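Given next are the chains, with one letter for each unit.
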Amino acid sequence: DALDPGTWGADPFDIAFLDPPYPLLDWRTARLALFESIRALLAEHAAPEAVLVFHAPRGRVSPSELKGLEARSRDYGSGTLWYVQAREEPPAGPPA
């Protein structure tokens, strides 16, 4: 189960593909768990420039659901591929 952190392995990934069963997007609890898992996977198990490619039906995911992450999408027929990365933190500047 891709939503279970125990299945993610110990080594950081460079690219991951996530194609969840579409009914997960219909159930509020499962949908929230899916997007929280995406955030956790990128925050805790990804190499610095890693990309998670997330497949969903076209029009079923809003960019706001990936808030706090860098996300781009491309539509292909009835589906959309989301290319998601952890947002880079700006370098700390000198104290003001």
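Now for a description of the structure that goes with this document. (Residues numbered from 1 in each chain as written. Predicted model: local features only at pLDDT ≥ 70, side-chain atom pairs only at ≥ 80, totals over all residues. Heavy atoms only, no water.)

Describing the packing of aromatic side chains
Geometry of an aromatic ring pair is reported as the spacing of the ring centres plus the angle between the planes. Under the criterion given, the structure shown has one aromatic pair. Between Phe35 and Phe54, the ring centres sit 5.9 Å apart and the planes meet at 80°, which makes this aromatic pair edge-to-face. One end of the pair, Phe35, is in helix α1 (residues 28-45); the other, Phe54, is in strand β2 (residues 46-57), and 19 residues separate them in sequence. (Phe/Tyr/Trp six-rings, centres within 6.5 Å; stacked < 30°, edge-to-face > 60°. Helix = DSSP H or I, 4+ residues; strand = E, 2+ residues; numbered from the N terminus.)

Focus: the pattern of salt bridges
The final tally for this structure, using the stated rule, is five salt bridges. Salt-bridge contacts for Asp26 lead to Arg60; the nearest nitrogen and oxygen are separated by 2.4 Å. With Asp26 in the loop between β1 (13-18) and α1 and Arg60 in the loop between β2 and β3 (69-76), this pair connects stretches of sequence that are 34 residues apart. What makes Arg60 partly exposed here is its relative accessible area of 29%. (Salt bridge = Lys/Arg side-chain N within 4 Å of Asp/Glu carboxyl O. Buried < 20%, exposed > 50% of the residue type's maximum accessible area, 1.4 Å probe, protein only.)

What about the nonpolar core?
Within the largest apolar cluster, 21 residues are counted, with the highest numbers of intra-cluster contacts made by Ile38, Leu42, Leu52, Phe54, Val61, Leu66 and Val84. Looking at this core, the elements with two or more residues in it are β1, α1, β2 and β4 (79-86). It is β2 that provides the largest number of residues to this core, a total of six residues. Once residues lying within four places of it in the same chain are set aside, the contact partners of Leu42 are Phe13, Leu52, Leu69, Val84, Gln85 and Ala86. (Core = buried A, V, L, I, M, F, W, Y, C linked by side-chain atoms within 4.5 Å. Contact = heavy atoms within 4.5 Å.)

Re the environment of Pro63
Considering the arrangement of structural elements, one finds Pro63 in the loop between β2 and β3. Sequence spacing of Pro63 and Ser73 is ten residues, and the spatial spacing of their C-alpha atoms is 8.8 Å.

A closer look at the side chain of His45
Tracing the backbone through its elements, the reader meets His45 in helix α1. The residues touching His45, leaving out its near neighbours within four places in the chain, are Trp8, Gly9, Asp11, Pro12, Phe13 and Ala40.

A look at the pairing of β4
Across six bridges, β2 lies against β4 in antiparallel orientation. In the sheet register, Val53 faces β4, and the bridge partner there is Tyr83. Direction of pairing for β3 relative to β4: antiparallel, over a ladder of eight bridges. The residue of β4 that forms the bridge with Ala71 is Val84. What sits between β3 and β4 in their antiparallel hairpin is a turn of two residues, with Gly77 showing a positive phi close to 60°. (Pairing = 2+ DSSP bridges.)

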